[in-house]
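Survey of secondary and tertiary structure
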Amino acid sequence: MGIGQSPTRSTPSSTYSDDSGATRRSLALSVIGGSTVDPELDAATDQGPKEECGVFGVWAPGEEVAKLTYYGLYALQHRGQEAAGIAVADGSEIVVFKDLGLVSQVFDEQTLTALKGHIAVGHCRYSTTGSGSWENAQPTFATTSVGSGLALGHNGNLVNTAELALAANKPAGRAGPSKSTTDSDIVTRLLAEAATDVGIETAALRLFPSLKGAFNFVFCDEHTLYAARDPHGVHPLVLGRLDRGWVVASETAALDIVGASYVREVEPGELLAIDEDGIRSERFASSNPKGCVFEYVYLARPDTTISGRGVHATRVDIGRRLAVEAPIEADLVIPTPESGTPAAIGYAQQAGIPYGQGLVKNAYVGRTFIQPSQTIRQLGIRLKLNPLRDVIRGKRLVVVDDSIVRGNTQRALVRMLREAGAVEVHVRIASPPVRWPCFYGLDFGTRAELIASASEVDDVRRSIGADSLGYISLDSLVAATEQPRNRLCTACFTGEYPIAIPDQVGKHVLEGIARGVTGDAFAPIPNYGQACALSRP
Ligand code: SF4
């Protein structure tokens, strides 16, 4: 077995506010924590909601599976930009290659050519449990005591990680302790441990019912590709067909990019096993769908389809509904590119206001590991967006964005548009106020960091400096997805978590256990309240 590594609660109706101070249909909210923003953090480093991870798997004898996986991950790069990795199995061994960085930075032609086999598991990562260290990059790897290997990629986030960590490190555990601090690594070790006696397939069917939270696992041993989805199907996972094999991927767009035809979704609570005997489907839990509504708002690519509904069409529909719920007289509708673009198109169509491109995004900006210098930092949002002054000057603008998390980006954006000559800036948001953290794979930070968690809509409007601010209602957002409300997770807007959250949760839960401390993701930070966030800068 070789492991290669690189050298190196109750809410809304729609909420709308304008600078007359009117807050229409806004809600009275209980204030749990003030918004806290690192004074050093500005729009240059505020990246809004952080994506989760992308997973991709191939079983295809005769194909260059590493290259197929590379392009699959390339299509899923938006889901995780901290690290990337591919594991390849050839029937006798598994080789894992992974590193920090974008997919195109981690792999080159030579590396991919050296990864030979007929099974591949790929992963691109944003850290939602554990820090962004090399050890936490995926696929994770473990060996059973009989010497077979197991490589695993995980999209989502478990909420009983601490409990599982204790089980994985119990004295009798054969998998032993690990430097990794991810829920994914713990599952890999527990699976390898259990597989020693009964094989991976049976071990997975026994282990997965004990996992709580969101998980899409794509994993393999030397002979078989596996894919499993949590009983709530929080995040998407689809099955595709190649001429000479099978593909599983986080999004349908990744199937398109590698020339695979869409077959179906992996069902919530289902385990798929793919090998020379064909494809087997088994259940480890009954299906109780609670799909992440934020996939439609922001996470998924617009050219992806989730539960039969196209993401682009959903976002355009959100924009139309937003125009009805939060109308304004204006000269031009512009998006915050790219995630705000479909909703801006819908808003403009419904409102009868011209649509235009008022901001240019640097299409080649990925995650950077280089901290900006003070000079660059002061330029803030211009690292990502630059205004088209000729388009903006003298106009009353509607600016459509997908969401507001901390508010830093929108504050800098409004200021930049005014400096570019806009006479009015009206901000419209294609999701309800984000008031609660996500524990299922998306990193909004803690509740104390969310600007809307402790603020009325008009407070947020004043904080970002807009002439008016309008959010779509949750009812309209759900209607645009064409999914039944009871089949969706909306917890970051409502605080109603469909999977119970244990007391001890948070991204760094395992580092906390190691230091003997416990975390409380709901806790406010003392003396760092609402006014602090609202007064910046
Ligand atoms: S809390 Fe929000 S982001 Fe997280 S899974 Fe639920 S809808 Fe998605």
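As a starting point, this report considers the structure included with it. What you are looking at is a predicted structure, and each value in this text was computed from that prediction instead of being measured.

Notes on the packing of helix α5 (residues 183–198) against helix α6 (residues 200–207)
Remark: α5 packs on α6, axes separated minimally by 8 Å, with the N-to-C direction vectors making an angle of 125 degrees. The orientation of α5 with respect to α6, classified from their angle, is oblique. The interaxial crossing formed by α5 with α6 has right-handed handedness. Within the contact between the two elements, α5 uses Val187, Leu190, Leu191, Ala194, Ala195 and Val198 and α6 uses Ile200, Thr202, Ala203, Ala204, Arg206 and Leu207.

Re the pairing of strand β6 (residues 94–100)
Burial of β6 is extensive: five of the seven residues sit out of reach of the surface. Here strand β5 (residues 83–89) hands over to β6 after four residues, with Gly91 in that stretch at a positive phi of 100 degrees.

With respect to the site of the ligand
Neighbouring the ligand are Val234, Cys292, Val293, Phe294, Cys438, Tyr440, Leu442, Cys489, Ala491 and Cys492. The residue inventory of the shell around the ligand, partitioned by class, reads 10 nonpolar, no polar and no charged.

Here we look at the environment of Phe97
Considering the arrangement of structural elements, one finds Phe97 in strand β6. When the C-alpha atoms of Phe97 and Ala137 are compared, they prove to be 9.8 Å apart, with 40 residues separating the residues in sequence.

Focus on the nonpolar core
Within the largest apolar cluster, 47 residues are counted, with the highest numbers of intra-cluster contacts made by Phe294, Val333, Tyr440, Phe444, Leu477 and Phe493. Elements that contribute at least two residues to this core include exactly α8 (294–299), α9 (311–325), α10 (341–351), β23 (396–401), α15 (474–481), β26 (488–489) and α16 (491–494). Here this core takes five residues from α8, the largest share from any one element. Once residues within four sequence positions are removed from consideration, Tyr440 is found in contact with Gly156, Asn157, Val159, Ala214, Val234, His235, Cys489, Tyr497, Pro498, Ile499 and Ile501. In this structure, Leu76, Leu112, Val238 and Val247 belong to the second largest nonpolar core, which totals 29 residues.

Some words on the sheet that holds strand β8 (residues 140–143)
Sheet architecture is open: six strands sit in the order β8-β9-β10-β11-β15-β16, paired in antiparallel fashion. The sheet is open, and its two edges are formed by β8 and β16 (278–283), each paired on a single side. Averaged over neighbouring strand pairs, the angle between their axes works out to 20 degrees when direction is ignored. As paired strands, strand β9 (residues 149–155) and strand β10 (residues 216–220) are joined by five bridges and run antiparallel to one another. Bridging across to β10, Gly153 finds its partner in Val218. Lying on the sheet, α5 is in contact with β8, β9 and β10; it crosses β9 at an angle near 145 degrees.

Looking at the environment of Ile257
Residue position: Ile257 is located in helix α7 (residues 252–257). C-alpha separation for the pair Ile257 and Leu76, spaced 181 residues apart in sequence, amounts to 10.0 Å. With sequence-adjacent residues up to four places away left out, Ile257 is seen in contact with Tyr71, Ala75 and Arg301.

Overview of the packing of helix α4 (residues 161–168) against α5
At a minimum axis separation of 9 Å, α4 and α5 run at an interaxial angle of 40 degrees. One element, α4, and the other, α5, form an angle in the oblique class. The chirality of how α4 crosses α5 is left-handed. Residues Thr161, Leu164, Ala165, Ala167 and Ala168 of α4 form the contact with α5, whose participating residues are Asp183, Ile186, Arg189 and Leu190. A class-by-class count of the residues in the contact of α4 with α5 yields six nonpolar, one polar and two charged.

Parameters and conventions
- For every chain, the first residue of the written sequence is number 1, and numbering continues from 1 along that sequence.
- Totals for whole chains, interfaces and linings use every residue, but because this is a predicted model, local features are given only for residues with pLDDT of at least 70 and side-chain atom pairs only at 80 or more, for both listing and counting.
- Hydrogen atoms and water are omitted, and side-chain values are computed over all heavy atoms in the structure.
- Orientation is described by lines fitted to C-alpha atoms, with helices fitted over the stretch in contact, and by angles between N-to-C directions that extend from 0 to 180 degrees.
- Elements are defined by DSSP. Helices are runs of H or I of four residues or more, strands are runs of E of two residues or more, and each kind is numbered from the N terminus.
- Just so you know how the angles are binned, under 35 degrees is roughly parallel, over 145 roughly antiparallel, 65 to 115 roughly perpendicular, and the rest oblique.
- Two helices cross in a left-handed way if the nearer one is turned anticlockwise from the farther one by less than a right angle. They cross in a right-handed way if the turn is clockwise.
- Any pair of residues with heavy atoms lying within 4.5 Å of one another is described as a contacting pair.
- Between buried and exposed lies partly exposed: a residue is buried under 20% and exposed over 50% of the maximum accessible area for its type, with that area taken using a 1.4 Å probe on protein chains only.
- Note on pairing: DSSP must find at least two bridges between two strands before they are called paired.
- Think of it this way: one heavy atom of a residue within 4 Å of a molecule or strand is enough to make that residue near it.
- The residue classification treats Ala, Val, Leu, Ile, Met, Phe, Trp, Tyr, Cys and Pro as nonpolar and Asp, Glu, Lys and Arg as charged. All others, Gly included, are polar.
- Residues belong to one nonpolar core when they are buried, are Ala, Val, Leu, Ile, Met, Phe, Trp, Tyr or Cys, and are joined through side-chain atoms within 4.5 Å.

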